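One-letter residues, chain by chain:
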Amino acid sequence: MTQPRPNILLNMADQWRGDRLGSAGYPEFEPPHLDELFYNGVSFRHAYSAAPTCNAPRATLMTGVSQRSQGRVGYADNVPWDYPVTLPGLFADAGYHTQCVGKMHVSPERSLIGFHNVVLHDGALLKHPASANYKQFDDYRRFLRSQSHADTSREEGYVHDGNLVVGRPQQPSLQESRLRD
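Here goes a summary of the coordinates provided. (Residues numbered from 1 in each chain as written. Predicted model: local features only at pLDDT ≥ 70, side-chain atom pairs only at ≥ 80, totals over all residues. Heavy atoms only, no water.)

## Regarding unusual backbone geometry
Across the junction of Ser107 and Pro108, the peptide omega takes the value -5°, indicating a cis bond. Counting through the fold element by element, Pro108 comes out in the loop between β1 (99-102) and β2 (117-120). Of note, His105 is a non-glycine position whose phi angle comes to about 55°, a positive value. You can see His105 is positioned in the loop between β1 and β2. What makes His105 buried here is its relative accessible area of 12%. At Ile113, a residue that is not glycine, the phi angle is positive and equals roughly 40°. Within the secondary structure, Ile113 is located in the loop between β1 and β2. Its relative accessible area of 11% is what places Ile113 among the buried residues. (Helix = DSSP H or I, 4+ residues; strand = E, 2+ residues; numbered from the N terminus. Buried < 20%, exposed > 50% of the residue type's maximum accessible area, 1.4 Å probe, protein only.)

In structure tokens, the structure reads:
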């Protein structure tokens, strides 16, 4: 009898400090599902990216090719993703059903890059002029608008991330400030 293949979930988040999870010792943010994945899955605690923007590292993860070799060393819109081999393509070839949910920043926007299906959402598309037609590439926003009770009006024209949260450095607590003085 053959062993069933494991389900694989690759959770990729950019612009999120790896030490800002309860499971990593940060008490102010304890998401139970992410913590569960952290404790019962595999986490790469000492990972490094040679490029600070999202496109180049995402392309490296999806292709196994370094930023220098694949030519993506920074963020650039409308650069075709025409890689012959991709991680989701290899999984698909091995008999897995591959699904991408969230943002991809590939070009063209609906390029599958080896996935069987993509369900896109990327609030950051609002700030990229090259993606002026973001409405046709954002499945989540389309879903929200289809619900009569959904109010997405505050996102219209908003130039920030999809969570509508402004990041800022953490202010030291009063106790920490007193300890420094």
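## Section: the nonpolar core
Counting residues in each nonpolar core, the largest one holds 12 residues, listed as Ala59, Met62, Trp81, Tyr83, Cys100, Met104, Val106, Ile113, Phe115, Val118, Leu120 and Phe137. Broken down by secondary-structure element, the contributors of at least two residues to this core are α2 (55-63) and β2. Beyond its immediate chain neighbours, meaning those up to four positions away, Tyr83 contacts Ala59, Thr63, Gln70 and Arg72. (Core = buried A, V, L, I, M, F, W, Y, C linked by side-chain atoms within 4.5 Å. Contact = heavy atoms within 4.5 Å.)

## Some remarks on the pattern of salt bridges
Side chains that carry opposite charge are capable of pairing whenever their charged atoms lie near each other. Tallied over the full model, the rule gives one salt bridge. A salt bridge links Arg110 to Asp139, with the nearest nitrogen and oxygen atoms 2.6 Å apart. Separated by 29 residues along the polypeptide, Arg110 in the loop between β1 and β2 and Asp139 in helix α5 (residues 139-146) bring together distant segments of the chain. (Salt bridge = Lys/Arg side-chain N within 4 Å of Asp/Glu carboxyl O.)

## Structural notes on the packing of aromatic side chains
Applying the stated criterion to the full structure yields three aromatic pairs. For the pair Phe38 and Tyr39, a centre-to-centre distance of 5.6 Å together with 85° between the ring planes defines the contact as edge-to-face. Judged by its relative accessible area of 54%, Tyr39 is exposed. Of note, Arg5 hangs over the ring of Tyr96, and the distance from its end group to the ring centre comes to 4.3 Å. (Phe/Tyr/Trp six-rings, centres within 6.5 Å; stacked < 30°, edge-to-face > 60°. Lys NZ or Arg CZ within 6 Å of the ring centre and 35° of its normal.)

## Quick look at the pairing of β2
Alternating residues of β2 divide into Val118 and Leu120, all buried, and Asn117 and Val119, none buried. In this sheet, β2 lies alongside β1 in parallel orientation, the contact comprising four bridges. Considered in β2, the bridge of Gly102 is made with Leu120. (Pairing = 2+ DSSP bridges.)

## A few points about the environment of Ser49
With respect to the helices and strands, the residue Ser49 is situated in the loop between α1 (32-40) and α2. The spacing of Ser49 and Thr60 is 11 residues in sequence and 9.3 Å in space, taken between C-alpha atoms.

## Concerning the side chain of Asp139
Asp139 gets classed as buried once you look at its relative accessible area, which sits at 18%. At 2.6 Å, the side chain of Asp139 forms a polar contact with the side chain of Arg110. When residues no more than four places from it in sequence are discounted, the contact partners of Asp139 are Arg110, Val118, Val119 and Leu120. (Polar contact = N/O pair within 3.5 Å; in protein donor to acceptor, adjacent residues only side chain to side chain.)

## Some remarks on a nonpolar patch on the surface
On the surface, Leu10, Met12 and Leu61 cluster together into a nonpolar patch covering about 250 Å² of accessible area. Here Leu10 shows up in the segment before α1. Take Leu10: its relative accessible area is 47%, and that puts it in the partly exposed class. (Patch = residues over 30% accessible without salt bridge, like charges linked within 9 Å, V, L, I, M, F, W, Y side chains within 5 Å. Areas by Shrake-Rupley, 256 points an atom, 1.4 Å probe, with all protein chains shown as cover.)

The quantities given are spatial measurements derived from coordinates; they are silent on function.
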